[in-house]
Amino acid sequence: MNIARAELGAVKLEELRFDNRYGRLPPDFYTRLSPTPLPNPYLVAFNPAAADLIGLAPEEAERAEFAEIFCGNRLLPGFDPLAAVYAGHQFGVFVPQLGDGRAILLGEAAGAQGRWDLQLKGAGKTPYSRMGDGRAVLRSSIREYLASEAMHALGIPTTRALAIVGSDQAVIRENIESAAVLTRMAPSHVRFGSFELFSSRRQHEHVRTLADYVIDQHYPQLREARAPCLELLREVIGRTAKLVAHWQAVGFCHGVMNTDNMSILGLTIDYGPYGFMEGFDWGHICNHSDDGGRYAYNMQPRIAHWNLYCLAQALLPLVEVEEAESALGEYEGQFEQNYSGLMRTKLGLATTQADDAALLQDTLKLLHDSRADYTTFFRRLGNFDSAPGADNAPLRDLFADRDAFAVWAGRYRVRLALEASTDAERKPRMDRVNPKYVLRNYLAESAIRKAADERDYSEIARLMRL
């Protein structure tokens, strides 16, 4: 390897260093297999920021071999492809075996910024595909590529996306679509359901093995604790509470919070029918198949807690029941602390007052009653004129009930005065936490249509720049 290039963090494809620590776990954890070849692959999108995480030089994406490698047609030295098996509660119903039905883990790429799993999503059938064809389509691949990078830009823990490789191979969904493979990156793809699988099979030695693996590779600071597996549970509870607080604060709806879609590292993972809320609705459902609203926006904190109970249940061979219950009891307080802190900053409040929770609830009720745009409201709130009598027309005009807005604005003005807030000082603070842009559905759809109909990928690149 060219040492100078490696030190600069800009290596060629053949110079990437790979390992697969997950592949050294017992065979019950996965099936080794190669990706299914994809005919005539071509590059749709490449993310230099993700490439930098593994030290890959961005010009490598211009090579013809790049598309062949990242659709699975060609394996680099060190690749050790496998599909992981896991279980999960899907819409509250336990399914005893799921697994990577269309994703294949190539291994871990080691770079200056740590070790990253490289996983090909849409790489063909695996033993866990059930009735599926193992393929992903261009539409869903673009949506996940954009969403994961949008979430990262918002400071929300997430998997990352390195590239999309497309093909003209037809894939049948509701309509005939074209195939694509997304290269997804994460420090780990272990899920709550990974533990549920072995617990449900009463393979308690595998529960122990998996817990040890996760602690050793991702939470080594817990190894010396009195009860490392209990501390692992506590760590996951804390990370999950923080993650969902971030979702709620930015108006993000995951759509499919099954336990097999919950990361042991507290990452946003498995983007399916997600959505960033536009008109604020407590009960917004972004998944058209979620008839009962199990994963509605206002249910996400509660469902996360329920999912953590499932994880704790799976860990009971390693954790005392009373200690697990005590750890789970910490979730609500941690969520509320994270969420209230995030929302306080969105409101531009620098101090904590006794009535802040009531002010926040009334703010959200005002938004809900008028279905005012969530992102636009908080962005415009940074321009709030706290002078007596100011009409704040750009903000007021988001609401059908202007009288209700006037009452709220008066209350907000008084709250700002309690901490001697000044408009000039407050605005830059608020602009830093209230995004101007989120990945609205129409933006993603515009990029998808141009890509699918015209092979024009410029809208993907434009959205990435935003």
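Residues numbered from 1 in each chain as written. Predicted model: local features only at pLDDT ≥ 70, side-chain atom pairs only at ≥ 80, totals over all residues. Heavy atoms only, no water.

## A look at the overall build of the protein
Secondary structure assignment for the protein yields 17 helices and 13 strands. Expected size for 466 residues packed as a compact globule is a radius of gyration near 23 Å; at 23 Å, the protein falls within 12% of this value. Viewed in the frame of its principal axes, the protein has a C-alpha envelope of about 70 × 60 × 50 Å. Counting the 466 residues in the protein, one finds 56% classified as buried. Long-range contacts, defined as pairs at least 24 residues apart, comprise 71% of the intrachain contacts of the protein with a sequence gap of at least 6. Total accessible area on the protein is roughly 19500 Å²; 51% of this is exposed by carbon and sulfur atoms. Side chains of the protein give 52 positive and 60 negative charges; the mean places of these two sets differ by 2 Å. (Helix = DSSP H or I, 4+ residues; strand = E, 2+ residues; numbered from the N terminus. Rg over C-alpha atoms; globule rule 2.2 N^0.38 Å. Buried < 20%, exposed > 50% of the residue type's maximum accessible area, 1.4 Å probe, protein only. Contact = heavy atoms within 4.5 Å. Areas by Shrake-Rupley, 256 points an atom, 1.4 Å probe, with all protein chains shown as cover. Lys, Arg positive; Asp, Glu negative; His and termini not counted. Charge placed at Lys NZ, Arg CZ, Asp CG, Glu CD.)

## As for the pairing of strand 11 (residues 176-186)
The buried fraction of strand 11 amounts to nine of the 11 residues, a majority that puts the element mostly inside the structure. By the bridge criterion, five bridges tie strand 8 (residues 114-121) to strand 11 in an arrangement that is antiparallel. By the bridge assignment, K121 is partnered in strand 11 with L182. Of the strand pairs in this sheet, strand 9 (residues 136-137) and strand 11 are connected by two bridges, and their pairing is antiparallel. (Pairing = 2+ DSSP bridges.)

## Focus on unusual backbone geometry
Here the phi dihedral of R202 falls at roughly 60 degrees; this positive angle occurs in a residue that is not glycine. Residue position: R202 is located in the loop between helix 5 (192-200) and helix 6 (204-218). A residue is classified by how much of its surface remains accessible, and R202, at 68% relative accessible area, is exposed. Residues other than glycine seldom take positive phi values, yet D270 does so here, at roughly 65 degrees. With respect to the helices, strands and loops of the structure, D270 is situated in the loop between strand 12 (252-253) and strand 13 (275-276). Taking the relative accessible area as the measure of exposure, D270 reaches 13% and is therefore buried.

## A few points about the pairing of strand 3 (residues 42-46)
Within strand 3, four of the five residues are buried, which leaves it mostly tucked inside the rest of the structure. The pairing of strand 3 with strand 10 (residues 160-172) spans four bridges and is classified as antiparallel. Residue pairing across strands places A45 opposite I164, the latter belonging to strand 10.

## Observations regarding the state of the cysteines
Evaluation of the coordinates by the stated rule reveals zero disulfides. A disulfide-free cysteine, C286 has its sulfur positioned 5.0 Å from the sulfur of C253, the nearest such atom. (Disulfide = S-S within 2.5 Å.)

## Some words on helix 7 (residues 228-250)
Counted at 1.5 Å a residue, the expected span for helix 7 with its 23 residues is 33 Å, and the 33 Å between its end C-alpha atoms agrees. Across the 23 residues of helix 7, 18 count as buried, placing the element largely inside the fold. Looking one or two residues past helix 7, G251 carries a phi angle of roughly 80 degrees, positive in sign. (Expected span 1.5 Å × (residues − 1).)

## Focus on helix 16 (residues 441-454)
Taking 1.5 Å of rise per residue, the 14 residues of helix 16 would be expected to cover 20 Å, and the 19 Å separating its terminal C-alpha atoms lies within 8% of that figure. Inspection of helix 16 places L443, A444, A447, I448 and A451 among the buried residues, and these make up the whole buried set. Along the axis of helix 16, the buried positions cluster into a sector of 135 degrees, meaning they face one direction only. Facing away from the buried side of helix 16 by over 90 degrees, the exposed positions are Y442, R449, D453 and E454. In this structure, the buried side of helix 16 is in contact with helix 4 (138-153) and helix 17 (458-465). (Arc of directions from axis to C-beta.)

## Looking at the pattern of salt bridges
This structure, assessed with the given rule, holds 37 salt bridges. Between R115 and E108 there is a salt bridge, with its nearest N and O atoms 3.3 Å apart. The class of E108 is buried, set by a relative accessible area of 2%. D397 is the partner of R402 in a salt bridge, and the nearest nitrogen-oxygen pair spans 2.8 Å. Its relative accessible area of 42% is what places D397 among the partly exposed residues. Among the charged side chains, a salt-bridge network with shared partners connects D19, R21, R24, E108 and R115. (Salt bridge = Lys/Arg side-chain N within 4 Å of Asp/Glu carboxyl O.)

## What to know about the nonpolar core
Counting residues in hydrophobic clusters, the biggest one holds 153 residues, and the most contacted among them are Y22, F195, L381 and I460. Of the residues forming this core, the biggest block, 13 residues, is contributed by helix 7. Sequence-distant contacts of L381, that is, excluding residues within four places in its chain, are made with K346, L347, L395, W408, Y412 and M430. (Core = buried A, V, L, I, M, F, W, Y, C linked by side-chain atoms within 4.5 Å.)

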